[in-house]
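Structural features, examined
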Amino acid sequence: MHFPSARRSSRSRPFLGVSSLGVPSLRRRASDAVELMDDPDCDPVKLASTYANFRFVNGVVSGWRGMYRRDIRPLLSSTRESTLLDVGCGGGDVARALARWAARDGLRLRITAVDPDARAHAYAMSLPPLPGLTFRRALSSDLVAERRRFDVVVSNHVLHHLTGEQLGGLLADSERLAAHRVLHADIERSRFAYLGFGLGTWPLFRRSFIRDDGLTSIRRSFTAAELREVVPPGWQVTREHPSRLVLRRVVPTGPASAGLASAVSASAVSSAVSASAGSVLAETVPASVSFPVKSDRRNGHSRPEREPERVHVHERGQANDSGARVRDVIVVGGGPVGILLAGLLAVRGVDVEVVEQRAKPSLRSRAIGIHPPSLRALEQLGVAEEVLARAVRIRGGVVRSDGRTLGRLAFTETVGRMQSVISLPQFETEAVLRARFAELAPGRLRGGVTVTGVSERGGRVAVETAKTVETAKPGGTHGTVEGIGTGGTGEGGVSAGETLEARYVVAADGARSLVRDLLGIRCTARTGGETYLMSDYPDTGEHLGEAVLFFERGGVVESFPLPGGRRRWVAMTPTLQADATSDDLAALIRARTGTQLPPTTAEASAFSVQQRLATRLVAGRVVLIGDAAHQISPIGGQGMNLGWLDALQLAPALERALRDPEAASGVLGDYDRRRRRSARMAARQADFNMAMGGPVQGLRLRARNGLVRALAAPPASAVLARAFTMRWL
């Protein structure tokens, strides 16, 4: 892996990674830049120190702990051995970490870690062995030629070393080697990453190549947009960590996809790389700052003869005794949480269907806030960019009282768009999700269907249905009667009273969940009872891009930006004022804050806060999600976002339960425990929010304002911003 230009004098190294001209241009990939450890004659002591320190560096910046929890652990079993391949493993720190985490969780995982670099392999072999972990000096193409298959294929810090041809070859090999999932993690090129890494490592790792080669790696790396442009269909690029990219592929499961995988594997073997071709590649591709590069296909990195076609989920359905289709999953409830979950399942190749009581989507503007963890879920579904394009970004929040500013919080901790807090009316978000689900699973959303019964039948769940009859609505408009079997949105039509069957059912039917009641699951009431009034008004331009909280004597007033030059205003009220108008709300806001709001045509909406948590989220083959599982105060924008985080964890858990029935109770039990714990944390945060916004006078007012000032100052402000953007849920 020798390049004549690889050697560089230490005198040319920039202080803090910044030359006298400043940060180097990062507009384009510095694909011709080389790293010190690529030199075969580099200092062996520094090289060994570099391999040793990868454990600490990657532990901080790589995000593998989170990917293990979200993407790998749901695939593992305590009774059945799973397999994982780490391509370009370098010194083996990521492979060793995955092996330790799986062993700690009592899961059986056998890891093969490969690297063509003799130095990296020698270092990895010098470390104490771990059960289930094997190191090989090999290329990915060697394993393709051996007809090897692994449940999961991963790599870390490899992509930024590859040209277009080499990247195509890596992805082709990955498709042939992976039975279920591929995760290629890498750095994202940005000024934030360059400056952050340069400053963070400046006093450290002086006797290694970590710092210099790390800065070079950032210059060589892709941006998310660049990587999306070059990867083939079926691959998804997501931001999972500050300045981190994950190139992910989930292999469709089921009989149709199994046959396709076998055909692809056979095709790969017929064109496997010869030993001499692999040797030539090893001499022409530089080693990574953390892990060397692997080879791929014949003639350099040729693409496969044909791309694997997507296996549509409707091909996987089974039939019951009467010949009707048995779905993998039926989601009851077509709101934003149910549709997101259904989409995440469809992306994974799960045969999913949604039944929704409403014949038409609601146009009410309820939830508006979308937090960074939720953007990660939307990104996995492939709709984050569209949602961001429609939304307005909230840069931060300001707290005021009696005309004075008590403090500010900044939500723009990173420059990445996926780390933003954004605002978009719920009906617009729901429209994007429905359109995406229609692409993934055409005809699988049935409107106008009411669930009247749920019961388990062996390894299936029977769902009794009836057509929905909508009664008169406030405002003089009448709903429609939507026939379930004629002209509906469902595939093939469903007659009134038909029984649907699935291997699992998910209740996403809201706070008044009928499915939850049918199962006899109780809800534990927490605090609640506070009442609010809200409406949308034209934005006066006074608080551009900021959320504003007015902590006044008579109760809190909140204001949030909306797209289209509008703002949402919410005020705490002494009682539920169901008949109040937007003019009434404007008068209340003027009396408390002195703010004069423009006239609006929007109607005011009164609501009362109730906080409840289901005593369990899993009952046999039925799972609760979203408001059906936990009802949290909407103050702070936690309700819909918490439901989306449920979906983000439930989708891989259901996929695992479907594929490995022996592990089903374990993974669903883990979902139950984790999501109820997150709901309790969210409820405590909501309690704090409402307590801080309650009406107070005199000494209590001064004490509260003093507390707000303290919380809005560093270092507490960073913790508070993290809490309000739901980064720890």
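Reading the values: rules and limits
Residues numbered from 1 in each chain as written. Predicted model: local features only at pLDDT ≥ 70, side-chain atom pairs only at ≥ 80, totals over all residues. Heavy atoms only, no water. 1 Å grid on protein atoms, 1.4 Å probe; cavity = no way out; pocket = protein on both sides within 12 Å on 5 of 7 lines; lining within 4 Å. Points joined across faces, edges and corners; volume = space filled by probe spheres on them. Helix = DSSP H or I, 4+ residues; strand = E, 2+ residues; numbered from the N terminus. Nonpolar A, V, L, I, M, F, W, Y, C, P; charged D, E, K, R; others polar. Salt bridge = Lys/Arg side-chain N within 4 Å of Asp/Glu carboxyl O. Buried < 20%, exposed > 50% of the residue type's maximum accessible area, 1.4 Å probe, protein only. Arc of directions from axis to C-beta. Phe/Tyr/Trp six-rings, centres within 6.5 Å; stacked < 30°, edge-to-face > 60°. Lys NZ or Arg CZ within 6 Å of the ring centre and 35° of its normal. Pairing = 2+ DSSP bridges. pLDDT = per-residue confidence, 0-100. Contact = heavy atoms within 4.5 Å. Core = buried A, V, L, I, M, F, W, Y, C linked by side-chain atoms within 4.5 Å. Axes fitted to C-alpha atoms, helices over the stretch in contact; angles between N-to-C directions. Parallel < 35°, antiparallel > 145°, perpendicular 65-115°, else oblique. Left-handed = near helix turned anticlockwise from the far one by under 90°.

This model, assessed by the stated rule, comprises three cavities of 30 Å³ or more. Quantified by volume, the largest cavity comes out at close to 50 Å³. Lining the largest cavity we find Gln-236, Arg-248, Val-250, Leu-344, Val-347, Arg-348 and Gln-380. Elements represented by at least two residues in the lining of the largest cavity include exactly strand S7 (244-250) and helix H12 (336-347). Residues that form the lining of the largest cavity fall into these classes: three nonpolar, two polar and two charged.

A separate point is the pattern of salt bridges. This model, assessed by the stated rule, comprises 36 salt bridges. Residues Arg-239 and Glu-188 are paired through a salt bridge, measuring 2.9 Å at the closest nitrogen-oxygen approach. Here Glu-188 lies in the loop between strand S5 (178-187) and helix H7 (191-201) and Arg-239 lies in strand S6 (residues 236-241), a separation of 51 residues in the sequence. Of the two residues, Arg-239 and Glu-188, both sit in the buried class.

We now examine helix H4 (residues 118-126). Buried within H4 we find Ala-120, Tyr-123 and Ala-124. Mapping the buried residues of H4 onto a view down its axis gives an arc of 100°, with all of them on the same face.

Another point: the packing of aromatic side chains. Scanning all chains against the criterion turns up three aromatic pairs. Where Tyr-532 meets Phe-607, the ring centres are 5.5 Å apart and the plane angle is 15°; that geometry is what we call stacked. Here Tyr-532, found in strand S20 (residues 523-538), pairs with Phe-607, found in strand S24 (residues 605-614); they are 75 residues apart in sequence, far enough to count as distant. A single burial state applies to Tyr-532 and to Phe-607, both of which are buried. One residue, Arg-621, lies across the ring of Tyr-504, its end atom 4.8 Å from the ring centre.

Attention now goes to the sheet that holds strand S12 (residues 392-394). As summarised here, the arrangement of the three strands in space is S11-S15-S12, forming an open sheet in which the pairing is antiparallel. Only two strands of the sheet have a single neighbouring strand rather than two, namely strand S11 (369-370) and S12. Inspection of the sheet shows S11 paired to strand S15 (residues 421-423) by two bridges, in the antiparallel sense. Bridging across to S15, Ile-370 finds its partner in Ile-422.

Model confidence for the protein is summarised by a mean pLDDT of 76, while 71% of its residues fall at 70 or above. At the low end of the mean pLDDT range in the protein sits helix H11 (residues 275-284), at 28; at the high end sits strand S26 (residues 622-624), at 97. Confidence over residues 254-316 falls short of pLDDT 50; this stretch has 164 contacts with residues more than four positions distant or in other chains. Confidence drops under pLDDT 50 across residues 472-495; counting only partners more than four residues distant or on other chains, this segment forms 46 contacts.

This brings us to the nonpolar core. Within the largest apolar cluster, 73 residues are counted, with the highest numbers of intra-cluster contacts made by Val-329 and Leu-378. No other element matches the eleven residues that helix H18 (residues 639-659) contributes to this core. For Val-329, the residues in contact, after removing those within four places along its chain, are Leu-345, Val-350, Asp-351, Val-352, Glu-353, Ala-502, Tyr-504, Val-506, Leu-654 and Leu-658. Counting 27 residues, the second-largest nonpolar core is a separate cluster that includes Leu-76, Leu-84, Ala-99 and Ile-111.

Moving on: the packing of H12 against H18. Put simply, H12 and H18 touch, their axes get as near as 9 Å, and they point 25° apart. Put simply, H12 runs roughly parallel to H18. Two packed elements cross with a definite hand, and for H12 against H18 that hand is right-handed. Of the residues in H18, those in contact with Pro-336, Val-337, Leu-340, Leu-341, Leu-344 and Leu-345 of H12 are Met-640, Gly-643, Trp-644, Ala-647, Leu-648, Leu-650, Ala-651 and Leu-654. Across the contact of H12 with H18, the residue classes tally to 13 nonpolar, one polar and no charged.

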